[in-house]
Amino acid sequence: MSAQPEQSMSYRRALLAFGNGDLGRGQQNLFMLARRLEEARKKHRHFADDRFHALRVVSCEFHELCYAVTHESPDRQLDEALDVACTCMRFVNREYRMKGGKHD
């Protein structure tokens, strides 16, 4: 049994992934995330000092999402979910600094 070669990622395929098979929903979700990232970077230029600080930021956002799911409206839940996704994406992008301005 041979492994299938991985297909290259296209914009369309990415949108389908973001929308769970729905192209329009995928575009909407991707654009919501992109807008939220722009807002987050304006509001919080400095994301974290290192990867451990970044992890604490992600953790705090996750706890805010947990609270929203149990105590707040669906709109607040969506806002908090986007915040979690943004902090995770900033972690993926290594938007944290080490001493001397270098990344981990």
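Residues numbered from 1 in each chain as written. Predicted model: local features only at pLDDT ≥ 70, side-chain atom pairs only at ≥ 80, totals over all residues. Heavy atoms only, no water.

(A) Expanded view of the packing of helix α2 (residues 23-43) against helix α4 (residues 74-92). Two elements in contact, α2 and α4, have axes separated by 9 Å at closest approach and are oriented at 70°. By the angle class used here, α2 and α4 are roughly perpendicular. Residue-level inspection shows Met32, Leu33, Arg36, Leu37, Ala40 and Arg41 of α2 in contact with α4, the latter providing Leu78, Asp79, Leu82, Asp83, Ala85, Cys86, Met89 and Arg90. Residues belonging to the contact of α2 with α4 are distributed by class as follows: nine nonpolar, no polar and five charged. (Axes fitted to C-alpha atoms, helices over the stretch in contact; angles between N-to-C directions. Helix = DSSP H or I, 4+ residues; strand = E, 2+ residues; numbered from the N terminus. Parallel < 35°, antiparallel > 145°, perpendicular 65-115°, else oblique. Contact = heavy atoms within 4.5 Å. Nonpolar A, V, L, I, M, F, W, Y, C, P; charged D, E, K, R; others polar.)

(B) How the structure looks around unusual backbone geometry. Even without being glycine, Asn20 reaches a positive phi, approximately 55°. Along the chain, Asn20 falls in the loop between α1 (11-18) and α2. For Arg94, which is not glycine, the phi torsion reads 55° and is therefore positive. Tracing the sequence through the fold places Arg94 in the segment after α4.

(C) Layout of the pattern of salt bridges. Across all of its chains, the model carries eight salt bridges by this definition. Two residues, Asp79 and Arg36, come together in a salt bridge whose shortest N-O distance is 3.0 Å. Residue Asp79 is located in helix α4, and its partner Arg36 is located in helix α2; the two are separated by 43 residues in the primary sequence. Judged by relative accessible area, Asp79 falls into the partly exposed class, the value being 26%. Among the residues examined, Arg36 registers a relative accessible area of 16% and is labelled buried. For Arg76, the salt bridge identified is with Asp79, shortest N-O distance 3.8 Å. Of this pair, Arg76 and Asp79 both sit in helix α4, separated by three residues, roughly a single helical turn. Through salt bridges with shared partners, one network takes in Arg36, Glu39, Glu72, Arg76, Asp79, Glu80 and Asp83. (Salt bridge = Lys/Arg side-chain N within 4 Å of Asp/Glu carboxyl O. Buried < 20%, exposed > 50% of the residue type's maximum accessible area, 1.4 Å probe, protein only.)

(D) Layout of the packing of helix α3 (residues 51-71) against α4. Orientation of α3 relative to α4, taken along the N-to-C sense of each, is 165°, at an axis distance of 8 Å. Judged by the angle between their axes, α3 and α4 are roughly antiparallel. Judged by the twist between their axes, the crossing of α3 over α4 is left-handed. Only Arg76, Gln77, Glu80, Ala81, Asp83, Val84, Thr87, Cys88 and Phe91 of α4 make contact with α3, whose side of the interface consists of Arg51, Ala54, Leu55, Val57, Val58, Glu61, Phe62, Glu64, Leu65, Ala68 and Val69. Counted by class, the contact of α3 with α4 contains twelve nonpolar, two polar and six charged residues. (Left-handed = near helix turned anticlockwise from the far one by under 90°.)

(E) Examining the packing of aromatic side chains more closely. The tally for this structure, following the rule as stated, stands at one aromatic pair. The interplanar angle of 45° and the centroid separation of 5.7 Å between the aromatic rings of Phe91 and Tyr96 together place this pair among those described as tilted. (Phe/Tyr/Trp six-rings, centres within 6.5 Å; stacked < 30°, edge-to-face > 60°.)

(F) Structural detail: the environment of Phe47. Along the chain, Phe47 falls in the loop between α2 and α3. Each C-alpha atom of the pair Phe47 and Phe91 lies 8.8 Å from the other, and the pair is 44 residues apart in sequence.

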